[in-house]
Amino acid sequence: MGHSVYEISKDFLFSAAHQIRFHGGKCERLHGHNWRVRVHVRASTLNRIGMVIDFADLQRMVAEVGARFDHRNVNEVPPFDELNTTAELIARHFFTEVERLLAEEGVRVSVSKVEVWENEGSLAVYREE
């Protein structure tokens with residue numbers, strides 16, 4: 001029998017433009033999306049009231065990372081002024097930034113994966129194994 005793992009997730013929505021450098025196709029032109037970012041966090045134990053983390057606390061952290069992109073050109077927002085603005089790299093960015101915020105707060109929770117949708121049918125996932 002394995003060990004217990006609890007996982008919750010929170011979505012963050014934002015609208016932003018971007019262009020994928022060196023794409024060679026239409027995605028190299030400036031265009032926009034209504035992005036959806038879903039951050040999953042996990043813990044092997046629950047806190048004293050039976051939660052992985054309060055949904056409101058997780059929402060605050062995800063929103064703090066995402067607010068920098070809302071109604072902006074993602075290519076102008078560090079680190080994407082140097083990195084390409086693919087959904088994969090945006091997912092990795094949310095993963096590392098939310099993980100950093102969790103560590104700063106000293107909680108026993110870690111990010112398990114991040115999903116990023118550019119639109120209803122296009123999804124990128126980042127996780128560390």
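Thresholds, definitions, all that
- Residues numbered from 1 in each chain as written.
- Predicted model: local features only at pLDDT ≥ 70, side-chain atom pairs only at ≥ 80, totals over all residues.
- Heavy atoms only, no water.
- Helix = DSSP H or I, 4+ residues; strand = E, 2+ residues; numbered from the N terminus.
- Buried < 20%, exposed > 50% of the residue type's maximum accessible area, 1.4 Å probe, protein only.
- Polar contact = N/O pair within 3.5 Å; in protein donor to acceptor, adjacent residues only side chain to side chain.
- Contact = heavy atoms within 4.5 Å.
- Core = buried A, V, L, I, M, F, W, Y, C linked by side-chain atoms within 4.5 Å.
- Pairing = 2+ DSSP bridges.
- Axes fitted to C-alpha atoms, helices over the stretch in contact; angles between N-to-C directions.

**Digging into the side chain of histidine 33**
- Along the chain, the position of histidine 33 falls in strand β2 (residues 31-43).
- A residue is classified by how much of its surface remains accessible, and histidine 33, at 14% relative accessible area, is buried.
- Of note is the side chain of histidine 33, whose polar atom sits 3.2 Å from the side chain of histidine 18.
- Only 3.2 Å separates the side chain of histidine 33 from the backbone oxygen of glutamate 118, close enough to count as a polar contact.
- The residues contacting histidine 33, other than those within four sequence positions of it, are Phe14, Ser15, Ala16, His18 and Glu118.

**A word on the environment of valine 74**
- Inspection of the secondary structure assignment puts valine 74 in the loop between α1 (55-66) and α2 (87-105).
- Taking relative accessible area as the criterion, valine 74 reaches 1% and is therefore assigned buried.

**Here's the deal with the nonpolar core**
- In terms of nonpolar packing, the biggest core is built from 32 residues, with Val39, Val41, Ile53, Phe94 and Val114 touching the most fellow members.
- Those elements that place two or more of their residues in this core are β1 (6-18), β2, α1, α2 and β3 (110-119).
- Here this core takes eight residues from α2, the largest share from any one element.
- When sequence neighbours within four positions are dropped, the list of residues in contact with valine 39 reads Ile8, Ser9, Lys10, Leu58, Val62, Val98, Val111, Lys113 and Val114.

**Things to note about the sheet that holds β3**
- Read across the sheet, four strands follow the order β1-β2-β3-β4 without closing on themselves; strand pairing throughout is antiparallel. This sheet does not close on itself; its edge strands, each paired only once, are β1 and β4 (122-126). Averaged over all neighbouring strand pairs, the angle between strand axes comes to 20°, with direction disregarded.
- Against the sheet, α1 contacts β1 and β2, and its axis sits at roughly 25° relative to β1.
- Helix-sheet contacts for α2 involve β1, β2, β3 and β4, and the interaxial angle to β3 is about 145°.

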